[in-house]
Amino acid sequence: MGRISLENVTKTFGTVEVIPPLNLTIEDGEFAVFVGPSGCGKSTLLRLIAGLEETTSGRILIDDQDMTEVPPSKRGLAMVFQSYALYPHMTVRKNIAFPMRMAGIDEAEQEKRINAAAAALNLTDYLERKPGQLSGGQRQRVAIGRAIVRDPSAFLFDEPLSNLDAALRVGMRIEISEMHNRMATTMIYVTHDQVEAMTMADKIVVLQAGVIEQVGSPLDLYHRPRNKFVAGFIGSPTMNFITGEEATKRGADTIGIRPEHTEVSTTEGMWKGTVGVAEHLGSDTFIHVHDTGLAETFTVRISGDIAVRHGDTVYLTPQPDQIHKFGADGLRIE
Amino acid sequence: MAIVAQTTKFSKIAWPVLAWMVGLLFFFPIFWMVLTSFKTDADAVKPEYLFWFKPTLDNYLNMTENYDYWRFARNSVITSVFATVFTLFVGIPAAYAMAFNPSRATKDVLMWMLSTKMLPAAAVLYPMTFLTKSLGLFDTHFLIIMVLSLINLPIVVWMLFTYFKEIPKDIIEAGKMDGVDTLGEIKEILVPLAWGGIASTALLCFIFCWNEAYWTVRLTTTEAATLSKLIEGNRAPEGLFFGRLSAVSTAAVGPIVVLGWFCQKQLVQGLTFGAVK
Ligand SMILES: Nc1ncnc2c1ncn2[C@@H]1O[C@H](COP(=O)(O)OP(=O)(O)OP(=O)(O)O)[C@@H](O)[C@H]1O
Ligand SMILES: [Mg+2]
């Protein structure tokens with residue numbers, strides 16, 4: 001079991017309030033992802049749940065038990081750190097065994113679980129090595145192995161993949177997702193990588209300056225962002241925001257159009273502009289359009305290739321049912 | 001080009017020569033002391049016997065037979081070992097707390113600890129003497145162990161703090177998440193990781209304890225008297241017995257020089273930090 005609730009939790013460092021009163025519940029078995037710009041308090045929130053930081057006020061409940069004052073070692077949670085945080089003086093085997101040894105699990109059972117974890121994580125050949133003799137990806141696996149063997153009620157991940165190269169990151173992302181499907185244990189995952197958030201999460205929590213801007217499923221956030229911040233934060237390339245006449249015409253202060261919800265034509269369309277940079281990825285093309293009179297740059301994403309280059313004139317037409325409207329307060333207008 | 005070649009050639013010779021000279025300069029008093037310890041007291045002051053003399057072991061025999069060298073040595077070992085162990089026992093948790101759970105007061109506490117070293121020892125000599133006498137602690141092993149511990153504690157905490165600072169905080173936090181309490185964390189993670197630093201701190205603390213002379217001489221008479229006291233006791237009022245004094249001094253610094261020699265690598269490694277990575 002691992003249902004985690006935060007009730008009016010706040011955190012101040014000195015005089016700086018990093019987390020204003022915050023309420024959040026993560027259901028048992030859920031994969032929750034915290035996203036937000038750097039310094040918004042994602043790690044702090046995770047560390048509050050872990051018990052590595054003390055709450056300034058409010059309560060933290062795990063399975064309806066008040067854990068606010070309980071030390072991290074007694075909360076039954078496992079954490080995977082960005083830096084892996086392996087014990088450099090112990091072999092991989094001893095690293096993985098460590099939490100079990102501390103929990104007083106008998107040797108035979110320890111052995112069984114180590115072997116199972118090592119097999120699942122492709123570490124069998126490295127059990128006798130020290131962390132210093134492993135690659136980044138292998139270290140990350142050891143850190144995950146160390147977390148899973150003790151059967152925690154929830155896993156906490158703080159940007160676990162950000163030190164890995166792109167290819168490895170994709171592989172590990174899938175592995176963690178599979179692990180979650182298999183174990184059905186609560187996982188809380190901090191990242192600033194959109195793709196990780198969108199692909200892995202059951203529930204995304206978007207934070208800004210310690211405030212939750214929106215909580216919802218990835219597609220919820222994508223299709224119905226609650227405000228301009230979430231709209232701009234989720235989706236890549238980011239949404240185009242247009243103010244002025246085009247917005248007022250539609251009864252809004254600002255309208256938002258995603259790059260992928262815009263048609264491009266070289267002959268006709270709603271808005272005219274000139275191509276600044278066209279990025280041809282093969283599968284997709286990103287076109288940065290200037291001089292539309294709408295915004296400094298209007299980004300368009302079309303699938304496949306299109307023969308446009310710098311200086312060409314193009315016409316843009318938004319898909320009418322994909323225009324997001326926001327009021328003067330930044331909130332979504334239905 | 002020629003100039004560059006010449007300078008390198010020059011520095012290739014000059015530096016070693018300079019190093020040797022400095023080395024010899026430092027070594028000379030020790031050499032002199034050892035040499036003198038094999039002379040009779042009479043020979044020791046005669047210039048004509050500067051290097052050529054009839055070596056004798058009398059000073060050493062005299063020292064062990066009449067001055068009870070072994071009791072002083074035993075006291076030195078007991079007080080230094082226990083003081084070092086006690087200092088680490090207190091210093092490791094203290095440094096751990098300050099390195100990994102710093103508060104706003106941590107910097108001040110560290111400074112305050114160091115500031116205690118700035119108090120001239122002589123200023124508290126009389127209070128200390130009276131106090132220990134009236135408490136019945138004068139000339140006891142317990143007192144000397146405590147005094148040695150307390151005077152070394154600030155420097156030990158400082159050194160350990162510097163070593164512990166080198167350990168990534170994440171590793172300590174990972175330990176917490178893995179279910180160890182504070183004591184377990186110190187035992188299972190901190191001490192094994194900072195082993196090099198702790199060993200060199202211990203060694204240095206031991207050397208300081210062994211060489212301490214101000215308090216050990218003044219707060220002891222016989223029971224807890226250390227080798228420092230033995231050396232001091234050979235300073236006779238009617239003149240110095242150089243031969244005897246040298247023998248006692250040689251026997252007093254001998255063990256520590258040997259210990260230092262064997263732990264050289266450890267010391268250097270510890271003192272240059274970065275032993276964790
Ligand atoms: N120990 C601390 N003392 C003082 N301020 C802190 C401390 N830890 C974090 N902060 C501040 O709290 C804010 C939130 O930090 P946090 O590490 O949670 O951000 P984050 O969202 O994880 O950012 P990133 O994506 O860069 O990791 C930051 O402004 C940071 O400066
Ligand atoms: Mg962070």
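How each quantity is defined
- Residues numbered from 1 in each chain as written.
- Chains lettered and ligands numbered in written order.
- Predicted model: local features only at pLDDT ≥ 70, side-chain atom pairs only at ≥ 80, totals over all residues.
- Heavy atoms only, no water.
- UniProt positions renumbered as here; feature names shortened; annotations may be inferred.
- Helix = DSSP H or I, 4+ residues; strand = E, 2+ residues; numbered from the N terminus.
- Contact = heavy atoms within 4.5 Å.
- Areas by Shrake-Rupley, 256 points an atom, 1.4 Å probe, with all protein chains shown as cover.
- Lys, Arg positive; Asp, Glu negative; His and termini not counted.
- Charge placed at Lys NZ, Arg CZ, Asp CG, Glu CD.
- Salt bridge = Lys/Arg side-chain N within 4 Å of Asp/Glu carboxyl O.
- Pairing = 2+ DSSP bridges.
- Expected span 1.5 Å × (residues − 1).
- Bend = angle between axes of the 7 residues up to and from the residue.
- pLDDT = per-residue confidence, 0-100.
- Phe/Tyr/Trp six-rings, centres within 6.5 Å; stacked < 30°, edge-to-face > 60°.
- Buried < 20%, exposed > 50% of the residue type's maximum accessible area, 1.4 Å probe, protein only.

- As recorded by an unreviewed UniProt entry, chain B carries the name Carbohydrate ABC transporter permease and is attributed to Halocynthiibacter halioticoli.
- In its Subcellular location (unreviewed entry) section, UniProt records this for chain B: "Cell membrane".

- Chain A appears in an unreviewed UniProt entry as ABC transporter ATP-binding protein from Halocynthiibacter halioticoli.
- Heading Sequence similarities (unreviewed entry) of the UniProt record for chain A holds this comment: "Belongs to the ABC transporter superfamily."

**Digging into the overall build of chain A**
Next, step 1: For chain A, the count of helices and strands is nine helices and 19 strands.
Next, step 2: Projecting the C-alpha coordinates of chain A onto the three principal axes gives extents of approximately 75 × 45 × 35 Å.
Next, step 3: In chain A, the share of contacts with a sequence separation of at least 24, taken over all contacts with a separation of at least 6, comes to 62%.
Next, step 4: Approximately 14800 Å² of chain A is accessible, and the part contributed by carbon and sulfur atoms is 48%.
Next, step 5: In chain A, the 33 positive side-chain charges and the 43 negative ones have mean positions that sit 5 Å from each other.

**Thoughts on the interface of chain A and chain B**
Next, step 1: Each partner contributes residues to the interface: chain A has 23 residues there, and chain B has 15 residues.
Next, step 2: Summed over the shared surface of chain A and chain B, the number is three salt bridges.
Next, step 3: Notably, a salt bridge pairs Asp 178 of chain B with Arg 146 of chain A, separated by 3.5 Å at the nearest N-O pair.
Next, step 4: Those elements that provide at least two residues to the side of chain A that touches chain B are α1 (42–50), β6 (77–80) and α2 (92–103) of chain A.
Next, step 5: Here the side of chain A that touches chain B takes four residues from α2 of chain A, the largest share from any one element.

**Description of the sheet that holds strand β18 (residues 323–326) of chain A**
Within a sheet, adjacent strands bond to each other through the backbone by hydrogen bonds, running parallel or antiparallel.
All names here are of chain A.
Next, step 1: Pairing within the open sheet is antiparallel, and its four strands lie in the order β11-β12-β18-β19. Where the open sheet ends on each side, the last strands, each with one partner, are β11 (240–243) and β19 (332–333).
Next, step 2: Alignment of β18 against β19, held across two bridges, turns out to be antiparallel. The residue of β19 that forms the bridge with Lys 325 is Ile 333.

**Observations regarding helix α7 (residues 141–165) of chain B**
Next, step 1: The first and last C-alpha atoms of α7 of chain B sit 34 Å apart over 25 residues, in line with the 36 Å expected at 1.5 Å per residue.
Next, step 2: At Leu 153 of chain B, α7 of chain B is bent by approximately 45°, the largest bend along its length, and proline Pro 154 of chain B sits one to four residues beyond.

**Here's the deal with the pattern of salt bridges**
Next, step 1: For the structure on display, the rule yields 24 salt bridges over all chains.
Next, step 2: Ionic pairing is found between Glu 334 of chain A and Arg 224 of chain A, a salt bridge with its closest N-O pair at 2.6 Å. On the criterion of sequence distance, the pair formed by Glu 334 of chain A in the segment after β19 and Arg 224 of chain A in the loop between α7 (218–223) and α8 (228–233) is long-range, its members being 110 residues apart.
Next, step 3: Counted as one network, the salt bridges with shared partners bring together Lys 11, Arg 47 and Glu 53 of chain A together with Lys 169 and Glu 173 of chain B.

**Side note on the confidence of the model for chain B**
All names here are of chain B.
Next, step 1: Predicted confidence across chain B gives a mean pLDDT of 87, with 92% of residues reaching 70 or more.
Next, step 2: Per-residue pLDDT stays below 50 along residues 273–277; that stretch engages in seven contacts with residues further than four places along the chain or on separate chains.
Next, step 3: Both scores are available for the predicted complex, with the pTM at 0.84 and the ipTM at 0.87.

**Here we look at the packing of aromatic side chains**
Residues and elements named next belong to chain A.
Next, step 1: Scanning all chains against the criterion turns up 16 aromatic pairs over all chains.
Next, step 2: When the ring of Phe 229 is compared with that of Phe 233, the centres are 5.7 Å apart and the planes differ by 15°; the resulting orientation is stacked. A residue pair is termed a helical-turn pair when its members lie 3 or 4 positions apart in one helix, as Phe 229 and Phe 233 do in helix α8 at four residues.
Next, step 3: A residue is classified by how much of its surface remains accessible, and Phe 229, at 22% relative accessible area, is partly exposed.

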